[in-house]
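# Geometric and topological summary
These are the residues of each chain, in order.
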Amino acid sequence: MDLKEYLYGKIKFIEKALGRVLPARDIPEILSDGMRYSIFSGGKRIRPILLLASCKAVGGDERKALKAACAVELIHTYSLIHDDLPAMDNDDLRRGKPTLHKVVGEANAILAGDALLTLAFQILSEDKTLDLEKRILLISELGRASGASGMVGGQAADIEYEGKSADIKAVEYIHSHKTGSLITASCRMGGIAGDADRKSMNTLTKYGQNMGLAFQITDDILNITGDKTKTGKAIGSDIKKKKATYPAVLGIEKSRQKANECIETATKSISIFNNKGIVLKMIAESLLNRLS
Ligand code: IPE
Ligand code: IPE
Ligand code: MG
Ligand code: MG
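Now for a look at the structure at hand. (Residues numbered from 1 in each chain as written. Chains lettered and ligands numbered in written order. Predicted model: local features only at pLDDT ≥ 70, side-chain atom pairs only at ≥ 80, totals over all residues. Heavy atoms only, no water.)

## Some words on the overall build of the protein
Looking only at helices and strands, the protein features 15 helices and 2 strands. On C-alpha atoms alone, the protein measures out to a radius of gyration of 18 Å, which is about the 19 Å that the 2.2 N^0.38 rule sets for 292 residues. With the C-alpha coordinates of the protein rotated into their principal frame, the extents come out at 50 × 45 × 35 Å. Across the 292 residues of the protein, 53% fall into the buried class. As presented, the protein carries roughly 13600 Å² of accessible surface, and 53% of it is formed by carbon and sulfur atoms. Side chains of the protein give 43 positive and 36 negative charges; the mean places of these two sets differ by 3 Å. (Helix = DSSP H or I, 4+ residues; strand = E, 2+ residues; numbered from the N terminus. Rg over C-alpha atoms; globule rule 2.2 N^0.38 Å. Buried < 20%, exposed > 50% of the residue type's maximum accessible area, 1.4 Å probe, protein only. Areas by Shrake-Rupley, 256 points an atom, 1.4 Å probe, with all protein chains shown as cover. Lys, Arg positive; Asp, Glu negative; His and termini not counted. Charge placed at Lys NZ, Arg CZ, Asp CG, Glu CD.)

Okay, structure coming up:
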């Protein structure tokens with residue numbers, strides 16, 4: 001299977017669905033424009049893709065996971081809009097374009113983020129392809145992963161540690177929460193939509209946790225060694241802001257080693273899915289050499 005071609009097809013599938021869930025009428029134009037600007041500015045869609053692939057790995061029907069896939073991308077995009085605000089990372093470039101607050105101002109960027117966040121839970125609750133119990137399980141999973149005990153908690157720690165010396169335990173907490181939680185939830189939500197049994201859910205959890213950590217470590221490395229035209233983000237900003245990162249604590253080589261270990265653990269864990277887990281395996285391996 002050609003991974004690049006596969007990813008391209010899934011991105012189109014997900015973006016079409018995102019276009020359908022975003023509100024178009026009866027809302028202030030600046031809000032609607034802001035939401036669309038950030039959603040359609042060219043993300044990799046790795047979380048929704050992992051969600052769909054996890055659903056497939058457990059033998060589920062991808063179409064029943066599509067709203068959940070949109071929901072994780074809405075949460076992710078809101079988190080990026082807020083992450084880039086002057087009060088947080090104060091970044092001007094995202095996905096190769098000016099950050100949303102540079103385009104519509106801070107107030108409207110905050111509100112566009114709020115609207116994407118709430119829309120995620122609305123579309124899960126209204127997903128007619130799933131029974132009510134599954135909808136509640138998905139809402140609970142996403143709420144837990146994106147709130148104070150997950151992504152927002154990680155973001156708070158990330159800000160708290162700015163300029164302070166962090167040890168490996170602190171950085172692992174930050175990374176596994178600000179990034180790992182939503183990636184793990186994406187895999188688990190694919191499992192929920194696909195009717196996974198307990199063993200498969202545990203496997204998806206382990207895979208997601210390792211992928212989440214590896215993903216943020218490689219993000220840290222790219223912030224030092226990457227190419228702005230490929231990442232679509234400023235390079236060197238973590239060092240400038242004295243962020244608590246893996247390279248800051250371990251150096252680049254050891255960070256790379258750690259990311260590779262996580263990828264290996266993730267890959268091994270999904271062997272129980274046999275051929276159905278091929279996409280999860282290929283995505284994990286592609287993290288090793290990602291440039292964006
Ligand atoms: C960037 O995530 C922020 C992190 C949590 C590392 P992605 O690298 O998935 O960003 P997009 O969605 O492709 O722009
Ligand atoms: C982003 O982490 C995490 C979230 C948005 C939840 P970073 O601040 O390290 O990611 P980039 O480099 O801005 O994408
Ligand atoms: Mg940040
Ligand atoms: Mg940032």
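What follows continues from the structure just given.
## Remarks on the coordination of the magnesium ion (ligand 3)
Around the magnesium ion (ligand 3), the donor atoms from the protein are Asp83 (OD) and Asp89 (OD), and they sit 2.2 Å away. The distance between the magnesium ion (ligand 3) and the magnesium ion (ligand 4) is 3.1 Å, with Asp83 acting as a donor to both metals. (Donors = N, O, S within 2.8 Å, 3.2 Å for Na, K, Ca; no water.)

## Section: the site of ligand 1
Contacts to ligand 1 come from Gly43, Lys44, Ile46, Arg47, His76, Leu80, Arg95, Thr179, Phe215, Gln216, Asp219 and Lys233. The side chain of Arg95 places a nitrogen or oxygen atom 2.7 Å from an oxygen atom of ligand 1. Of all the cavities here, the one that holds ligand 1 is the largest pocket. Of all the secondary structure elements, the ones that give two or more residues to the shell around ligand 1 are helix H3 (46-57), helix H4 (66-83) and helix H10 (198-225). The element that contributes the greatest number of residues to the shell around ligand 1 is H10, accounting for 3 residues. (Near = heavy atom within 4 Å. Polar contact = N/O pair within 3.5 Å; in protein donor to acceptor, adjacent residues only side chain to side chain. 1 Å grid on protein atoms, 1.4 Å probe; cavity = no way out; pocket = protein on both sides within 12 Å on 5 of 7 lines; lining within 4 Å. Sits in = over half its atoms within 2 Å of the grid points.)

## A closer look at the state of the cysteines
Where two cysteines share a covalent bond between their sulfur atoms, that bond is called a disulfide. Under the criterion given, the structure shown has 0 disulfides. Free cysteine: Cys70, not disulfide-bonded; nearest cysteine sulfur from Cys55 at 14 Å. Cys70 sits in the buried class, given a relative accessible area of 1%. Cys262 forms no disulfide, and the closest cysteine sulfur to it belongs to Cys187, at a distance of 14 Å. (Disulfide = S-S within 2.5 Å.)

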